[in-house]
Amino acid sequence: MYLWIDGHGEAPGAPGLEPRWTSSQKWVVGTAYSTSSKIWWTASHGTINEIYNPTIDKPQVRDLELLVTDGESFVHEEKRDLIHTFSYLSHEAPAVGMVNCDPEGRYTISKEIISDPHAPVLLMRVKFSGDDAVLRKLKGFALLAPHLDGGGANNNGHVLDVAGRRMLLAWKNSSALAMGADCGFENASCGFVGTSDGYQDVTRHYGMEWHYGSATDGNIALMGEINIAEHPEFVLAVGFGAGAHSALTRTVGALNMPFDLQLSRFIEQWTRVQARVDLASASQDHGKLLKASYGVLLTHEDKTFAGSFIASASIPWGQSKGDSDLGGYHLVWTRDMCQTTTALLAAGRTNSAMRALVYLACTQKTDGGFPQNFWVNGAPYWSGMQLDETAFPIMLAYRLWKLDALGDFDVLPFVERAAGFLVRHAPVTQQERWEECRGYSPSTLAAVIAALICAAEIVRSRHQPELAEFLEEQADWLESHLEDWTATNDGVLVPGVKQHYMRIRPAEADGAEPYMQMGAGTEKVILANRGPAEQYEFEAREIADGGFLELVRYGLRKPDDPMVVATVKVADAILRRELPQGPGFRRYNHDGYGNHKDGSPFDGWGQGSCWPMLTGERAHYELAAGRDVCGLIKTIEGFCSPGGMLPEQVWDRDDLPECRMRKGRPTGGAMPLVWAHAEYIKLLRSVTDGRVFDRVDAVAERYATPRARGTIEVWRRDRQVRRMSVRRRLRVEAEERFELRWSVDGWKTAETTEATGLNSCGFYADAVPGKGERLEFALYWPERGQWEGQNYSVVVER
C-alpha cells in the first residue's frame, strides 16, 4: 500500500488550543458494540458523541457529525440545527437508526449505525432524501475530532490517498484512527480546533475553501466532503489500530464489505446472546428496557482484556471536561463490575461472570485486596481502599460456586486471600461506596459480613473447618456491633426518630478507644464536593443515606427490623423526591456531587440529584417486605433515555429550559451508568423469583432470626479494645506468629497460648476473661525472639 500526503501543507493555528467546537450536552441515547469487535460508541442529538477502543480503554473520538450547506443560504450542524428521531434497527441488537430532519422540511438525513462484527470499525450508512432541487445543491461534510489515547491535546492528522480513495488519518503515540467513505471524500482537510478546523471553514464560507494536508501536535479536527448530488447514499467508516497501517487496512476492509451483510452479521451475533425472556414479564414496558440494559452490560466488557467490565462508556459532564479527566467512568471498579456480572447471572449468563472472576483473580493484589479502580489492563488509577470492593469479588465467586459454574478454576486461593484482607482491615474502611469518607459504613459492613460467610462456606467445602469457623466468628463479631458502630441513639433529622442508621460513623482518632456501643453520633464527618461558602463539616448523625438497605438485601436484617424501619422513615424525609415518573432518591443529604443549582455542570462542587439506581435499591427493599413494586419498576423505566440508557442522576428540581434541565430527566452526569442497568435487571429477576436475587441464604439463615451472636472481641495492634463483655473471648490477631501470655488475676497466675496460623488470615490466639475484672496480656514474637515491650489490659464488663 502506497500512502502519500495530499494537500497544501500544515493547517495554521495554535497546536495546544483546547476550545471545544461543540458545547452541546451529551444526552446519550444509544450504544453499540459488536459481540466480537473492539469498538463501542455513544450517540445523541443525531450524532456520534464518543467512540472508544476498549483495547486502550480511553475515548478515541469526541464528536463525529455532519455539516450540511446549500452553498449560499444556510449551514446546518446536525446536533444543533436538525430535528432528531432515534430508533433501534432490531429488537435483538443495539443497531441504531437516526433520522435528522431539516426544520423547514427541505431534506432528511437517515443513518444506520453499527460496528463491524469482526474489526474495530464504526460503520454508518447515511442517506440524504428530499426535494431533488435542494439535494443537487447540498454539500455534506463529515467532521471528526480525534481524542486519541484519551486526550484532545497532541493529536496529529493527515490527508491520505489510499488505493485512489482520499481518506483521513489521525494518530497519537501508538494509537491511530482512519476515516473514509465508500464513495471517497471529494475534498479533505485537517485543522486545529477553533482556528483552522473544518467547522470554522464551512460556517464562514458555506463550503470548503481550506485544504490543509496535515495538522500536528494539537487539538485537531478532521473533515471530509461528500458530493451529495452524486452520492446521496454512502457509508462512512472510522477504524482504529495500533498504528496507521492497522487503522487504514481495517477501515478500507470494512468499507469493501456490503453494509447489508455487515448489518445482518451484527444482528445475528447479538441474537445468540439474549437474556432470559421470562424476565420481561416482570417489566412494565414489555421488556424494552430489559433488552437495552442487557446490551449495555455486555457492551461494557473489554474484548482484549476479557472479563473486565468498566463502569460506564462516559465521562460525567464530559462536555465541560478537558484532558485532565482521563479516567471518567471508563475504568474498572470491582464494586460496579460485580454488580454488572451478578446481573448477568440474573439474566442467565454464567460464562460472562466466570470470565470476570478469572480477570479479578489476575488483578488481585498480593495482600488479597484490589485497587480503588484501575484500567482494563490492571494498572491502578486511584489509590483508595474500599473494603466492599474486596468483599464483592468473594460474593461473585460464591454465586458461581453455588451454580457449579467454576469449571476447573480453583477459587480457594483467591477467596482465602480476599477474606484475609477483610479480616485484617475490617471494620473500618478507608472509603465507603461513595468514595469519600473513612469509618464505619452500614453498606460496607453488610458486604463484608456477607462475604466472610460466603468465604466460610467455600473453605469448609474444601475441608478446612478451622478456617471456616474463624471466618464465621469474625463475621459474627462484626454483625454483633453493627448498630454500635453505625447507628445513632440521638437522631436529629426527623422529629421523634432517635435511633437510626447513619451514612457513616467516622473512625476513632489514632490511639483512641474503639467504639463498643451505640452513641449519639456527634463525631464530625467532612463532606466532599461542597461549595466555597457552604458548610462541609457535619455531625455523623446529621447525614443519612440509603446504604443501610444493603443489610436487608443480603439477609443480615429483616425488612421489618425496627432500626431499618426507622431509617426508611428518615430516608423518605430527607432523600426522597417526587418526580414526574415517580419517587427518586438522592445519595445522602448535603451531597455536592451534581450540577449547580443553576443547572451548570459539576466542576468540583454542586448539588447532588436523584439516582435512578437508588429507586431500584428501594424497590428491592419493598419486595423483601412483601409489597408490590410494579410502580417502582415503571418509575425506573421512565428515567431512561429514548434509546434505553439509564443515567447516573436525574434533575430533581424545577425545570430550567435555558440549560435544558427538566425534572426527572438526565443531568449530564454519566450515562449509561452500568450499575443502574444491573440493578434494574436484578430487580426483574427478583420479582420473577419472588425473592431478592442478591440475598445470600447462608447469611439470612445465620442473622435474620434473633439469637445471641458475637462470641469474640477482636484486639489488634491497630485496634486496641479496652473493654469487653464477660460473655466473650478476647481474640488477639496479628499478621506474624506470636505467643499470648495472659492473666485474669493481676499476674498471680498466667497462661501461655501459642497463636494458630491460618495462611492469608494471619495468626490468632484467644484468652478467656473468667471471673476476673481485668484481662491482662503480653505478646512474644518468637521469630524475632523478643517481647512486645509492654503489657496490655482490657476491662471485663459483667
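Residues numbered from 1 in each chain as written. Predicted model: local features only at pLDDT ≥ 70, side-chain atom pairs only at ≥ 80, totals over all residues. Heavy atoms only, no water.

A.B. asks: Kindly report on the overall build of the protein, identifying the contributing residues and their values.
C.D. replies: The helix and strand tally for the protein stands at 19 helices and 35 strands. A globule of 798 residues ought to have a C-alpha radius of gyration of about 28 Å, and the protein, at 29 Å, matches this closely. Along the three orthogonal principal directions, the C-alpha set of the protein runs to about 105 × 55 × 50 Å. Residue pairs at least 24 apart in sequence account for 69% of intrachain contacts in the protein once pairs closer than 6 positions are excluded. In the structure as shown, the protein presents an accessible area of about 28100 Å², 49% of it carried by carbon and sulfur atoms. Taken as two groups, the 84 positive and 105 negative side-chain charges of the protein have centres that lie 4 Å from each other. (Helix = DSSP H or I, 4+ residues; strand = E, 2+ residues; numbered from the N terminus. Rg over C-alpha atoms; globule rule 2.2 N^0.38 Å. Contact = heavy atoms within 4.5 Å. Areas by Shrake-Rupley, 256 points an atom, 1.4 Å probe, with all protein chains shown as cover. Lys, Arg positive; Asp, Glu negative; His and termini not counted. Charge placed at Lys NZ, Arg CZ, Asp CG, Glu CD.)

A.B. asks: Can you tell me about the pattern of salt bridges, naming the residues and giving the values?
C.D. replies: A complete count under the given rule lists 53 salt bridges for this structure. The salt bridge partner of Arg557 is Glu479, with a shortest N-O separation of 2.8 Å. Within this pair, whereas Arg557 is found in the loop between α14 (549–553) and α15 (562–574), its partner Glu479 is found in helix α12 (residues 465–480), the two being separated by 78 residues in sequence. Take Arg557 and Glu479: they sit in the same class, and that class is buried. (Salt bridge = Lys/Arg side-chain N within 4 Å of Asp/Glu carboxyl O. Buried < 20%, exposed > 50% of the residue type's maximum accessible area, 1.4 Å probe, protein only.)

A.B. asks: Please provide a residue-by-residue account of the sheet that holds strand β7 (residues 96–101), values included.
C.D. replies: Read across the sheet, nine strands follow the order β6-β7-β8-β9-β17-β13-β12-β11-β15 without closing on themselves; strand pairing throughout is antiparallel. Two strands bound the open sheet, and with one partner strand each, they are β6 (83–88) and β15 (214–218). For this sheet, the mean angle separating the axes of adjacent strands, direction not counted, is 20 degrees. Looking at chain direction, strand β12 (residues 165–172) and strand β13 (residues 175–181) are connected through five bridges and run antiparallel. Pairing of Leu169 across the sheet is with Ala178, part of β13. (Pairing = 2+ DSSP bridges. Axes fitted to C-alpha atoms, helices over the stretch in contact; angles between N-to-C directions.)

A.B. asks: Can you break down the nonpolar core residue by residue, with the values?
C.D. replies: By size, the foremost hydrophobic cluster in this structure holds 168 residues, and its most contacted members are Leu357, Ile394, Leu396, Leu452 and Leu471. Top contributing element to this core by residue count: helix α11 (residues 442–461), with 14 residues. Apart from residues no more than four positions distant in its own chain, Ile394 is found in contact with Val415, Ala418, Ala419, Leu422, Ala451, Cys454 and Ala455. Listed in part, the 40 residues of the second largest apolar core include Val126, Phe128, Leu138 and Phe192. (Core = buried A, V, L, I, M, F, W, Y, C linked by side-chain atoms within 4.5 Å.)

A.B. asks: Tell me about the confidence of the model for the protein, residues and numbers included.
C.D. replies: Scored by pLDDT, the protein has a mean of 92; 92% of the residues are at 70 or more. Contacts from residues 1–8, a stretch scored under 50 in pLDDT, to residues over four places away or in other chains number 19 contacts. A low-confidence stretch, residues 54–59 (pLDDT under 50), is modelled with 31 contacts involving residues beyond four sequence positions or located in other chains. (pLDDT = per-residue confidence, 0-100.)

A.B. asks: Mind laying out helix α9 (residues 388–402), listing which residues take part and the relevant values?
C.D. replies: Relative to the 21 Å expected for 15 residues at 1.5 Å per residue, α9 spans 21 Å between its end C-alpha atoms, a close match to the ideal helical length. Across the 15 residues that make up α9, a large majority, 13, are buried. Within two residues after α9, Asp404 carries a phi angle of roughly 55 degrees, on the positive side. (Expected span 1.5 Å × (residues − 1).)

A.B. asks: Requested: an account of the sheet that holds strand β26 (residues 712–715), with residues and values cited.
C.D. replies: Sheet architecture is open: four strands sit in the order β26-β28-β32-β31, paired in mixed fashion. In this open sheet, the two strands that pair with only one neighbour each are β26 and β31 (756–757). When strand β28 (residues 729–734) meets strand β32 (residues 763–767), the two strands line up antiparallel, connected through five bridges. What sits directly across from Ala734, in β32, is Phe763.

A.B. asks: Could you give an account of unusual backbone geometry, naming the residues involved and the relevant values?
C.D. replies: With an omega of 15 degrees, the peptide bond running from Ala426 to Pro427 counts as cis. Position of Pro427 relative to the elements: it lies in the loop between α10 (412–425) and β18 (439–440). A positive phi is found at Asp404, a non-glycine position, where the angle reads about 55 degrees. Asp404 gets classed as exposed once you look at its relative accessible area, which sits at 71%.

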